[in-house]
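Residue strings, one per chain:
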Amino acid sequence: GKEIPGQASLVFDVVLLDLHNPKDGITIENQQVPESCERRSQTGDFLRYHYNGTLLDGTLFDSSYSRNRTYDTYVGKGYVIAGMDEGLLGVCTGEKRRIIIPPHLGYGEEGRGKIPGSAVLVFDIHVVDFHNPSDSVSITVNYKPSNCTVLSKKGDYLKYHYNASLLDGTLLDSTHSLGKTYNIVLGSGQVVMGMDMGLQDMCVGERRKVVIPPHLGYGEDGVEGEVPGSAVLVFDIELLELVSGLPEGYMFVWNGEVSPNLFEEIDQNHDGEVLLEEFSEYIQAQVDSGKGKLAPGFDFEKIVKNMFTNQDRDGNGKVTAEEFKLKDQEAKEEHDEL
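Remember, predicted model here, so these are calculated numbers, not experimental data.

What about the overall build of the protein chain?
Summing up its helical and strand segments, the protein chain has seven helices and 16 strands in all. Principal axes of the C-alpha set define a box for the protein chain whose edges measure 125 × 50 × 40 Å. When each of the 338 residues of the protein chain is scored for burial, the buried share is 38%. Pairs at least 24 residues apart make up 68% of the contacts formed inside the protein chain by residues separated by at least 6 positions. When the accessible surface of the protein chain is summed, it comes to about 20,100 Å², and 48% of that surface belongs to carbon and sulfur atoms. Counting 30 positive and 55 negative side-chain charges, the protein chain places the averaged centre of each group 6 Å from the other.

Here you go:
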């Protein structure tokens, strides 16, 4: 045309940005693989990972680090580009790897945002943790006393120390730093479900490691400023004290025979009616003397008020002899009615 004369010698100065072949697959370069790798990711797992995304010439187009939060996704399910979906399979927690993705397994001829069309992509990833929705709690016993006959069960009152961390070792919380134990009634919903499971069948003095997947921990939301969303949690636990609980459904039990004149004993002024104050004083006296036992770990006043309300059938704030029944008697009556 008009710009290039005939018979002209041409000079091109070229910068090669990248190249690929349509037959190319992804390329994986392992940069750091932990010595201990108990499990590798597989299809259906949910991964949390950090990444830097660049072009082949080093141009940065995206980074999870700049947002100060991990990228979280299921793998092998098509939620991310095909090359990343493949590159995230077979990784260990804590692993660092480079994944080089040709455009037909990335963003194709059109590109996306800062990514030009037909670009080869380079992702440097760091796997923070992963789990599978079918995972349960993992328990590893690190120490068990030789005398280990009394095991924790639902309803027991437990006092224990713990260190809580993420799978990468980041410390979240520790009772040791607070200088006091954490105290709960097992199975009462005072801790996340995974911890309720992890403290079962434990004896005093035992130490164990409990790994809790997020669906049994703090879920997708986590705890703002404390626990990241969808995080796998690790608790190192030592059980220091165990107070046996009561049978399920009971808040108070007798340690011996029940008096045949129980209502008369509670009704101290013998007016045929028991008020909350009389009831509370009587229960307190039985506990103090060792004749009765309240469910451990609960507030005394709340338990007694609940017991009194159950006896106060008509809700008038007084319990009569006709209203008053032991729990065993109530159970028998219900059975007879059925």
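Next comes the rest of the description.
As for the pattern of salt bridges
Across all of its chains, the model carries 13 salt bridges by this definition. Put simply, Asp129 and Arg48 hold a salt bridge, and the shortest N to O gap is 3.0 Å. Here Asp129 is found in strand β6 (residues 121-131), whereas its partner Arg48 is found in strand β2 (residues 46-55), with 81 residues between them in sequence. The buried category is assigned to Asp129, whose relative accessible area is 0%. Residues participating in the shared-partner salt-bridge network are Arg39, Asp45 and Asp135.

Overview of the environment of Gly6
Its location among the elements puts Gly6 in the segment before β1 (27-32). Taking C-alpha positions, Gly6 is 62 Å from Ser41, a pair spaced 35 residues apart along the chain.

Here we look at the UniProt feature "domain: PPIase FKBP-type" (unreviewed entry) in the protein chain
UniProt's feature table lists "domain: PPIase FKBP-type" (unreviewed entry) at residues 44-131 and 155-243, given in the numbering used throughout. Helix makes up 7% of residues 44-131 and strand 40%, and the two end C-alpha atoms of the span are 9 Å apart. Secondary structure across residues 155-243 comprises 11% helix and 39% strand; the distance between its end C-alpha atoms is 9 Å.

A few points about a nonpolar patch on the surface
Nonpolar side chains collect at one region of the surface, where Ile4, Leu10, Phe12 and Val14 lie side by side and expose about 470 Å² of accessible area between them. With respect to the helices, strands and loops of the structure, Phe12 is situated in the segment before β1.

Describing the domain arrangement of the protein chain
Domains assigned within the protein chain are domain 1 (27-131), domain 2 (138-243) and domain 3 (252-331). Each of domain 1 and domain 2 has a C-alpha centre, and the two are 32 Å apart. With eight residues of domain 1 at the interface, the matching set in domain 2 holds 11 residues. In this assembly, domain 1 packs against domain 2 so that about 640 Å² is buried in total across both faces, 61% of it on carbon and sulfur atoms. On the domain 1 side of the interface with domain 2, the three residues burying the most area are Arg48, Asp129 and His131, jointly 61% of the side's total. Between the two partners, domain 1 and domain 2, sit one residue pair in polar contact (both at pLDDT 80 or more). Residue assignment for the side of domain 1 that touches domain 2 shows that the elements contributing at least two residues are β2 and β6. The dominant element in the side of domain 1 that touches domain 2, judged by the number of residues it contributes, is β6, at four residues. For the side of domain 1 that touches domain 2, the residue count by class is three nonpolar, two polar and three charged.

Remarks on the pairing of strand β5 (residues 96-101)
Inspection of the sheet shows β1 paired to β5 by five bridges, in the antiparallel sense. Directly across from Thr27, in β5, lies its bridge partner Ile100. Pairing analysis gives six bridges linking β5 to β6, with the strands arranged antiparallel. Looking across to β6, one finds that Lys96 is bridged to His126.

So, the packing of helix α5 (residues 276-289) against helix α6 (residues 300-311)
Look at α5 against α6: their axes get within 10 Å of each other, and the N-to-C directions meet at 120 degrees. One way to sum up the angle between α5 and α6 is to call them oblique. In the crossing of α5 with α6, the sense of the turn from one axis to the other is right-handed. Facing α5, whose interface residues are Leu276, Phe279, Ser280, Ile283 and Gln284, α6 presents Phe300, Val304, Lys305, Met307 and Phe308. Of the residues belonging to the contact of α5 with α6, the class tally is seven nonpolar, two polar and one charged.

Some remarks on α6
Taking 1.5 Å per residue, 12 residues should reach 16 Å; α6 reaches 17 Å between its end C-alpha atoms and fits that length. For α6, every residue scored as buried is listed here: Ile303, Val304, Met307, Phe308 and Gln311. Down the axis of α6, the sector holding all buried residues measures 130 degrees, keeping them to one side. For α6, exposure combined with an orientation more than 90 degrees from the buried face picks out Glu301, Lys302 and Lys305. For α6, the N-terminal capping position is held by Asp299, with its side-chain oxygen 3.3 Å away from the main-chain nitrogen of Glu301.

Calculation criteria
Residues numbered from 1 in each chain as written. Predicted model: local features only at pLDDT ≥ 70, side-chain atom pairs only at ≥ 80, totals over all residues. Heavy atoms only, no water. Helix = DSSP H or I, 4+ residues; strand = E, 2+ residues; numbered from the N terminus. Buried < 20%, exposed > 50% of the residue type's maximum accessible area, 1.4 Å probe, protein only. Contact = heavy atoms within 4.5 Å. Areas by Shrake-Rupley, 256 points an atom, 1.4 Å probe, with all protein chains shown as cover. Lys, Arg positive; Asp, Glu negative; His and termini not counted. Charge placed at Lys NZ, Arg CZ, Asp CG, Glu CD. Salt bridge = Lys/Arg side-chain N within 4 Å of Asp/Glu carboxyl O. UniProt positions renumbered as here; feature names shortened; annotations may be inferred. Patch = residues over 30% accessible without salt bridge, like charges linked within 9 Å, V, L, I, M, F, W, Y side chains within 5 Å. Domains from an automatic or database assignment. Buried area = accessible area lost by both parts, 1.4 Å probe. Polar contact = N/O pair within 3.5 Å; in protein donor to acceptor, adjacent residues only side chain to side chain. Nonpolar A, V, L, I, M, F, W, Y, C, P; charged D, E, K, R; others polar. Pairing = 2+ DSSP bridges. Axes fitted to C-alpha atoms, helices over the stretch in contact; angles between N-to-C directions. Parallel < 35°, antiparallel > 145°, perpendicular 65-115°, else oblique. Left-handed = near helix turned anticlockwise from the far one by under 90°. Expected span 1.5 Å × (residues − 1). Arc of directions from axis to C-beta.

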